[in-house]
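Geometric and topological summary
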Amino acid sequence: MITAIASRVEVMKWMEDFVQEKMTEFLKSVEDSWQPADLLPDARMENFFEEIKNLQERARDLSYDLLAVLVGDTITEEALPTYESWLMSIKDVPSNEDSPWMKWNRAWTAEENRHGDLLNKYLYLTGRINMREMEASTQYLIADGFDLQTDNDPYRAFVYTSFQETATNLSHRRVAQIAKKQGDGMLAKLCGYVASDEARHAKAYKAFVGKIFEADPNEMMLAFEDMMRKKIVMPAHYMRELGVDMGKTFGHFTDAAQRINVYTALDYTDILKDLVKEWKLETVTGLNDAGERARDYVIALPDRLRRVAERMRSPQLEYKFRWID
Ligand SMILES: [Fe+2]
Ligand SMILES: [Fe+2]
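1. Concerning the coordination of the iron ion (ligand 1)
Protein coordination at the iron ion (ligand 1): the donors are Glu77 (OE), Glu77 (OE), Glu112 (OE), His115 (ND1) and Glu198 (OE), at 2.0 to 2.5 Å from the metal. Counting along the primary sequence, the residues that act as donors to the iron ion (ligand 1) give the motif E-x34-E-x2-H-x82-E. Separation of the iron ion (ligand 1) from the iron ion (ligand 2) amounts to 3.4 Å, with Glu112 serving as a shared donor to the pair. Taken together, the positions of Glu112 and His115, both in helix α7 (residues 100-126) and three residues apart, correspond to about one turn of that helix. Summarising the burial analysis for this pair, Glu112 and His115 share the class buried.

2. What to know about unusual backbone geometry
Peptide bonds are, in most cases, trans, and in most cases residues other than glycine have a negative phi. Located in the positive-phi region is Asp151, a residue other than glycine, with phi close to 55°. Among the structural elements, Asp151 can be located in the loop between α8 (131-144) and α9 (154-181). Here the phi dihedral of Lys280 falls at roughly 45°; this positive angle occurs in a residue that is not glycine. Within the secondary structure layout, Lys280 lies in the loop between α13 (265-278) and α14 (289-311).

3. What about the coordination of the iron ion (ligand 2)?
When four donors bind a metal tetrahedrally, each ideal donor-metal-donor angle is 109.5 degrees, and when six bind octahedrally, the ideal angles are 90 or 180 degrees. Here the iron ion (ligand 2) is held by the protein donor atoms Glu112 (OE), Glu165 (OE) and Glu198 (OE), which lie 2.0 to 2.1 Å from it. Each donor residue of the iron ion (ligand 2) lies on the same chain, and together they follow the pattern E-x52-E-x32-E. The exposure class of Glu112 is buried, given its relative accessible area of 4%.

Cut-offs used in this document
Residues numbered from 1 in each chain as written. Chains lettered and ligands numbered in written order. Predicted model: local features only at pLDDT ≥ 70, side-chain atom pairs only at ≥ 80, totals over all residues. Heavy atoms only, no water. Donors = N, O, S within 2.8 Å, 3.2 Å for Na, K, Ca; no water. Helix = DSSP H or I, 4+ residues; strand = E, 2+ residues; numbered from the N terminus. Buried < 20%, exposed > 50% of the residue type's maximum accessible area, 1.4 Å probe, protein only.

Shown next as structure tokens:
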């Protein structure tokens, strides 16, 4: 361990071997990875059109809300250029090409790139989506970027990614469960594959933060508190449709996700609770007064949020997205 007053630059440098280790543990090699083509009909095959017909038949009964959530999830995944450039802009991280941090960023992006690719192709093949409208939303989202309020700070950024990868694992898993119930086993399988990638990514980012807690507990605690006070926003919070004011589309997307129980305010609370446990907040030592107060705040937060969440009603407002005909 290094001294408790180490700077962020020193901590990030000190973590390089750890990141390398976690990369081997939690990312897969290209050789060991699934590819979208493994999971979708192969256009070279004679039975291709028959498979498409079957795919479309299965997708016919997917509910409107599920389809809308899936489109929103796909747009979110396809805005990957935003997330990669954001990762590269984090301060105090060694930026040489060979640094495990930079290798991590590239390999993580390479894995994530399959998600949007897979979901986009699937949605196109269902014949239920207005692809032009969906593509325009993706272009908007990448151009609009996002504001996660992490201030390019590695400590805040890895709280964010720990939270967000856990949330995406959960939501893709839920979409898989609902798809299965609605009779689309193929979609269930696709989302299951994506969810399992997200689970590995979540584990890695949680491990990064756990390691920072060892080296710089007070600053890490303050960063965690700061992110929780600001609230974790979804990466697609600027999502919009052609001809629709910014903010509206995203609101309707999250409403649909709440309605079908893919991602709710209670999930937000549960994820926070999980992080408090994961990082053993109760037993962290080396805190000053501000650090102690930050810990108290974060530990008490899940119960407070739960009470608010339990009072919230699931939004009933129907909305016609331009993405779905
Ligand atoms: Fe993803
Ligand atoms: Fe992810």
